[in-house]
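Survey of secondary and tertiary structure
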Amino acid sequence: MPSLPRIRRPRSREIADVTARPRTPAELSAAGLTWIHLDTPDALAAGTLASRFGWHPLDVEDVLSKRQRPKVDDYVDEGYLFVVLHFPVYDPAIQRLNAAELDVFVGPDYLVTLPTVELKPVSRLYERCEENEAFREQLFSKGSGRLLYEVLDDLFDYCFPILDKIGHKLDSLEDDVFEGRSEEVVRDLSNVKQEIISYRKIIKPERSTLRLLERHVERFLPEELEEYFDDIVDAAERIWDMLDNYKEVVEALEDTNESVISHRQNDILRVLTIFSVILLPLTLITGIFGMNVRFPGFETAWAFWVVFGIMVAALGSMLAFFRLKKWL
């Protein structure tokens, strides 16, 4: 029995080198509020933050897990909210939309954002706060709830260009269907449909989670800002309505494309059937007169031309009949 290949294990020095470089979260503070941001947090960074702010160990497990459903956990006694939300990002590895998870901890004087992958709207907002001190002071002075609103508002604004790209693809595919490229667009329609399905799977549980978040985040918002999260809920509903519309459009395009392909196949079958029907009587005539049976004019030139004339007349009659019936 052949021996299995040995698994190469890293040396203890290599392990020490990897664990010796912990991920350091970025941190900003102003007006008594702290914003901590870290992409793809590891166990060491999450544990350090949990010890600093007193988070529940189950929340740390949720942060480190591969995929969590969208949810809002309100720890009233501990004084913080734990929020899990999903947002669509393009995954180049599979060349399709995938769900990026954003874990958020909201306290009275802090906001911690821990996305599983880099979310550009969050990174850009953080960089803007870091570079513009006046903007940071103005935004942070309104509390952690308002800062969370700005993060989510930028993320949902980032969702609409993805929807616009899907809509543009559907418009292009509609033109391709009616321009005679039906067979070529079957795969494109399947890809767009998969993107819509993936997007719907991300947004559907998000809607109820955002309504729940709107109720629980009020204690971190001033009274004059309590209506702000209504805008986030409306954005999620608009995205869902557009996805519903795109779902109906792509299904209608699939039906139309199948009808066009079926109609084209029917045309091909009709032409082949007409050829078969035309050749049938001609084959019958040649079969009868091709037998070794003597008939009037057998082995004469004029008999050949008579038979040929009958075949031409039969051919012309059938073509005229087909044209009359508009089958040709």
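The coordinates are above.
1. Let's talk about the packing of aromatic side chains
What describes a pair of aromatic rings is the distance from one ring centre to the other and the angle between the planes of the rings. Here the structure, examined in full by the defined rule, presents 12 aromatic pairs. One aromatic cluster is present, formed by Phe53, Trp55, Tyr75, Tyr80, Phe82, Phe105 and Tyr110 through successive ring pairs. The lysine or arginine in question, Arg128, covers the ring of Phe135, its NZ or CZ lying 3.9 Å from the ring centre.

2. Details of the pattern of salt bridges
On inspection of all chains with the given rule, the structure shows 12 salt bridges. Here Glu27 and Arg52 are joined by a salt bridge, their closest N and O atoms 2.9 Å apart. Placement of Glu27 in strand β1 (residues 26–30) and of Arg52 in helix α2 (residues 43–53) is noted, with a sequence separation of 25 residues between them. Each of Asp62, Lys71 and Asp73 takes part in a single network of salt bridges with overlapping partners.

3. Some details on the layout of surface pockets
Think of a ball as big as a water molecule: rolled over the atoms, this probe shows where empty space is left. When its volume is computed, the largest pocket comes out at roughly 460 Å³. In this structure, the largest pocket is lined by 20 residues; those nearest its centre are Val89, Tyr90, Asp91, Leu97 and Ile162. Of all elements in the fold, only β4 (80–91), β5 (96–107) and α6 (144–178) reach the threshold of two or more residues within the lining of the largest pocket. Element by element, the count of residues in the lining of the largest pocket is highest for α6, at 6 residues. Each residue belonging to the lining of the largest pocket can be placed in one class, and the counts come to 12 nonpolar, 2 polar and 6 charged.

4. Concerning unusual backbone geometry
Among all residues except glycine, the phi angle is most often negative; among peptide bonds, the trans geometry is most common. The phi dihedral of Ala31 is positive, around 55 degrees, even though this residue is not glycine. Owing to a relative accessible area of 48%, Ala31 belongs among the partly exposed residues under this scheme. The backbone phi angle of Thr40 is positive, close to 45 degrees, even though this residue is not glycine. Looking at the element boundaries, Thr40 is found in the loop between β2 (33–37) and α2.

5. Here we look at the side chain of Glu150
Inspection of the secondary structure puts Glu150 in helix α6. Once you skip the residues sitting within four places of it in the chain, Glu150 turns out to touch Leu125 and Leu139.

6. Let's talk about the nonpolar core
Core analysis: the largest hydrophobic core is formed by 61 residues, its most contacted members being Trp35, Leu152, Tyr199 and Leu213. Top contributing element to this core by residue count: α6, with 15 residues. Each residue touching Trp35, except ones within four places of it in the same chain, is listed here: Ala26, Glu27, Leu28, Leu111, Thr113, Val122, Leu125, Tyr126, Cys129, Phe140, Leu147 and Val151. By size, the runner-up hydrophobic cluster in this structure holds 18 residues, among which are Ile36, Leu49, Trp55 and Leu114.

About the thresholds
Residues numbered from 1 in each chain as written. Predicted model: local features only at pLDDT ≥ 70, side-chain atom pairs only at ≥ 80, totals over all residues. Heavy atoms only, no water. Phe/Tyr/Trp six-rings, centres within 6.5 Å; stacked < 30°, edge-to-face > 60°. Lys NZ or Arg CZ within 6 Å of the ring centre and 35° of its normal. Salt bridge = Lys/Arg side-chain N within 4 Å of Asp/Glu carboxyl O. Helix = DSSP H or I, 4+ residues; strand = E, 2+ residues; numbered from the N terminus. 1 Å grid on protein atoms, 1.4 Å probe; cavity = no way out; pocket = protein on both sides within 12 Å on 5 of 7 lines; lining within 4 Å. Points joined across faces, edges and corners; volume = space filled by probe spheres on them. Nonpolar A, V, L, I, M, F, W, Y, C, P; charged D, E, K, R; others polar. Buried < 20%, exposed > 50% of the residue type's maximum accessible area, 1.4 Å probe, protein only. Contact = heavy atoms within 4.5 Å. Core = buried A, V, L, I, M, F, W, Y, C linked by side-chain atoms within 4.5 Å.

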